[in-house]
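# Structural description and commentary
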Protein chains: 2
Amino acid sequence: MSEAVFFHAGCPVCVSAEQHFIQALDPARYAVEVVDLGKQKNRIAQAERYGVVSVPALVIDGQPFHINFGAALADLK
Amino acid sequence: MSEAVFFHAGCPVCVSAEQHFIQALDPARYAVEVVDLGKQKNRIAQAERYGVVSVPALVIDGQPFHINFGAALADLK
């Protein structure tokens, strides 16, 4: 089981990505943690260490993938 | 089984997205077609109809999701 983290901020672009995209991942192989950076600001540093610069973003195997564009991390601080 | 189309153009960002990201989709639910728009220019019009403006992009259930940024579709024509 690999870990994946979906960082979002509750924005419409984020919700769309979560509903259509994250649910498509293989549940037999990926345990997806969903983190709302708007509410969990203490996780922003972790997101930045992964290389995340905007949300929504999905980190798979430590690699960040930015999906469309909802909000810059800098705007959430 | 739902259909998903991964549009790319052979760029390094595209290859990374394919290797780390597309392989994570649930194969029991999604049949992913991979289309290289650099080689299959006749599919660019289809990508545009889905709302794709850059690659790599994944279309799930008719909805486009742009992943990071490799190349603009306009540059592939």
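Residues numbered from 1 in each chain as written. Chains lettered and ligands numbered in written order. Predicted model: local features only at pLDDT ≥ 70, side-chain atom pairs only at ≥ 80, totals over all residues. Heavy atoms only, no water.

As recorded by an unreviewed UniProt entry, chain A carries the name Thioredoxin family protein and is attributed to Thauera mechernichensis.

To describe a pair of aromatic rings, one takes the distance between the centres and the angle between the planes. Enumeration over the complete set of coordinates arrives at 5 aromatic pairs over all chains. Centroid distance Phe7 of chain B to Tyr50 of chain B: 6.3 Å. Interplanar angle 50 degrees. Geometry classified as tilted. On the criterion of sequence distance, the pair formed by Phe7 of chain B in strand β1 (residues 2-8) and Tyr50 of chain B in helix α2 (residues 44-50) is long-range, its members being 43 residues apart. On the basis of relative accessible area, Phe7 of chain B is assigned to the buried category, the value being 0%. According to the relative accessible area criterion, Tyr50 of chain B is partly exposed, its value standing at 28%. Within the aromatic cluster, the residues linked to one another by ring pairs are Phe21 and Phe65 of chain A together with Phe21 and Phe65 of chain B. (Phe/Tyr/Trp six-rings, centres within 6.5 Å; stacked < 30°, edge-to-face > 60°. Helix = DSSP H or I, 4+ residues; strand = E, 2+ residues; numbered from the N terminus. Buried < 20%, exposed > 50% of the residue type's maximum accessible area, 1.4 Å probe, protein only.)

What follows deals with the relation of the copies chain A and chain B. Two copies of the chain are present, and they differ by a rotation about an axis and a shift along that axis. Turning chain A through 180 degrees and shifting it by 0.0 Å along the axis lays it on chain B, with an RMSD of 0.0 Å. The relationship between the two copies is best expressed as a two-fold rotation axis. Looking at chain A, 100% of its interface residues are interface residues in chain B too, so the copies touch through the same face. (Least-squares fit on C-alpha atoms with pLDDT ≥ 70 in both. Contact = heavy atoms within 4.5 Å.)

Right, let's talk about the pattern of salt bridges for a bit. Close approach of charged atoms lets side chains of opposite charge pair. All names here are of chain A. Applying the stated criterion across every chain, the model contains 6 salt bridges over all chains. Ionic pairing is found between Glu33 and Arg43, a salt bridge with its closest N-O pair at 3.1 Å. A residue pair is termed long-range when its members are at least 10 positions apart, and Glu33 in strand β2 (residues 30-36) and Arg43 in the loop between β2 and α2 (44-50) qualify at 10 residues. (Salt bridge = Lys/Arg side-chain N within 4 Å of Asp/Glu carboxyl O.)

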